[in-house]
Amino acid sequence: MSQNYEMLIDGKWTKSKSGASRNITDPASGELVAVVPESSKEDAVAAIQAARRAFDYGPWRKVSALERGKILFRIGDAIRAEGAKLAKLEVQNCGKPLAEAEYDVADAANCFEFYGGLATKIQGETMSVPANSVSIVVREPVGVCGQIIPWNYPLLMAAWKLAPALAAGNTVILKPSELTPVTALELGRLMMALEIPAGVVNIITGPGAGAGEELASNPNVDKIAFTGGTVTGRKIMNGATSNLKKISLELGGKNPNIVFADADLEAAIDGALFAAFANQGEVCSAGSRLLVESSIHKKLVDGMLAKIPKIKLGHGLTAGVKMGPLISAAHREKVESYIKIGRDEGATLVCGGKRPQGPEFEKGHFLEPTIFDYVKPQMRVAKEEIFGPVLSVIPFNSEAQAIQIANDTEYGLAAAVWTQNATRGLRVTKELRAGITWINNYHSTFNELPWGGYKQSGMGRELGLYGIEAYLETKQININLDTAPIGWY
């Protein structure tokens, strides 16, 4: 059964001003999941005005940090209470396997709880500089925050954005991807049941053109936070110049996963497959470049090929499925165009590259896990973010060469090293120009630790103490203890 949704603006559920709507379909079956409003610039303006009023004149800023923290804990409890429903909707909306969706739901609850605890830990400082004065440094909320999230982790990305912003005392306008708005709207329903003041949380649906552009350019928005592609990130930056908004950008990646000859081979094989094909490879931090020391190159590739049949494709709600469909027909065609590019460039296709056959796949946007071997670093499949289940294997001969290849990219989001030599692992990760690195691991993410990238993978950090810093201003209050005239004139 599909459901009709409305947007959340100023504490009320509302249709778009134009009356336009969008059908949200299951990417595995094509079945209708929901009908949602298709917002425009006018809807975004209404949401911005509501958030502005709520910040400037409403009670939220004056709510104690302790009470804000309690509210965030209650949001976490509400997510857990409806975890099964939210996980199922996440599968139906964006295609990922149920086990991944369940993890995302639990981690979203964890995120609200982490920032609920952090709300009372926002600290300033005092100092007696210069003499005969006391200076107080306080931290205050930025104000009205526009937040734009992608389609690959809809509920989790909503939590990453909303939790620190609310803990710090801001008001927000959240715009989920037009392709996957369902769980964000469900989250809004849970939050409104907790009697959060009107206008503090607004959720608008629709494309980036119109609503998203308005969030970036409107001068009544004090901060914009965006997760998505690098091209769109540049547009967000351009729009934000209207009033020099604070900006947080978490953008693309073409991430190196480096395996040395002394690595635990079985662990590295599992790690390489998980890095490349978790969430159908639709992950900004996916390990889409596998750099393998030449002496173990064949063993590692053969080991991956032996395990590929265990990556069961299908609807994410089907037992045992490890990989679901891509988000849309258009995106699958984009990924397929890169597979053709890889072939044309001379890379060796060793598995996948096709749409799976069978009645269970006919109505969905499925694509087999695909591995190219003997990829050269300058090939487009090794340079450009594909955002799908396509892995490029690149042999290397020395540690120095591995580091050079790994860093030879415009991106700098994530990287991993597989080795049983702890010294080498740390030595290499220190040389890698990436914001998130792993040794003998991949994809692990923690609410307590920073997430973000170097170079064209963005600016700023989410999660941890760094995540709440992005939603705070720093103010100096100077108190003169000497009340005598200064005698300047």
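Here, the structure is the one placed above.
Here's a quick rundown of the structure. (Residues numbered from 1 in each chain as written. Predicted model: local features only at pLDDT ≥ 70, side-chain atom pairs only at ≥ 80, totals over all residues. Heavy atoms only, no water.)

### Details of the overall build of the protein
What the protein contains, in helices and strands, is 15 helices and 23 strands. In terms of overall size, the protein behaves like a compact globule, its C-alpha atoms giving a radius of gyration of 24 Å where 489 residues would be expected to give roughly 23 Å. Along the first, second and third principal axes, the C-alpha atoms of the protein reach 80 × 55 × 40 Å. Across the 489 residues of the protein, 57% fall into the buried class. Residue pairs at least 24 apart in sequence account for 74% of intrachain contacts in the protein once pairs closer than 6 positions are excluded. When the accessible surface of the protein is summed, it comes to about 20,300 Å², and 54% of that surface belongs to carbon and sulfur atoms. In the protein, the 51 positive side-chain charges and the 52 negative ones have mean positions that sit 2 Å from each other. (Helix = DSSP H or I, 4+ residues; strand = E, 2+ residues; numbered from the N terminus. Rg over C-alpha atoms; globule rule 2.2 N^0.38 Å. Buried < 20%, exposed > 50% of the residue type's maximum accessible area, 1.4 Å probe, protein only. Contact = heavy atoms within 4.5 Å. Areas by Shrake-Rupley, 256 points an atom, 1.4 Å probe, with all protein chains shown as cover. Lys, Arg positive; Asp, Glu negative; His and termini not counted. Charge placed at Lys NZ, Arg CZ, Asp CG, Glu CD.)

### Structural notes on the pattern of salt bridges
For side chains of opposite charge, pairing can occur when their charged atoms come near one another. This model, assessed by the stated rule, comprises 27 salt bridges. Note that Arg52 and Asp222 form a salt bridge whose closest N and O atoms lie 2.9 Å from each other. Of this pair, Arg52 sits in helix 1 (residues 41–56) while Asp222 sits in the loop between helix 7 (208–217) and strand 11 (223–227), placing them 170 residues apart in sequence. Looking at Asp222, the relative accessible area reads 21%, which means it is partly exposed. The salt bridge partner of Asp270 is Lys307, with a shortest N-O separation of 2.5 Å. You can see Asp270 sitting in helix 9 (residues 265–277) and its partner Lys307 sitting in helix 10 (residues 297–307), a full 37 residues away along the chain. Judged by its relative accessible area of 40%, Asp270 is partly exposed. (Salt bridge = Lys/Arg side-chain N within 4 Å of Asp/Glu carboxyl O.)

### Comments concerning helix 14 (residues 422–431)
Of all the positions in helix 14, only Arg424, Gly425, Val428 and Thr429 are classed as buried. Down the axis of helix 14, the smallest arc covering the buried residues is 125°, so these residues share one side. Exposed positions of helix 14 whose direction lies more than 90 degrees from the buried face are Ala422, Thr423, Leu426 and Lys430. Along its buried surface, helix 14 packs onto strand 13 (256–259), strand 14 (289–293), helix 13 (399–407), strand 19 (414–418) and strand 20 (436–439). (Arc of directions from axis to C-beta.)

### Concerning the environment of Gly388
Inspection of the secondary structure assignment puts Gly388 in the loop between helix 12 (380–383) and strand 17 (390–396). Sequence separation between Gly388 and Lys363 is 25 residues, and the spatial gap between their C-alpha atoms is 19 Å. Apart from the residues within four sequence positions on either side, Gly388 is in contact with Ala276, Gln280, Gly281 and Val335.

Such coordinate-based values are descriptive only and should not be taken to indicate function.
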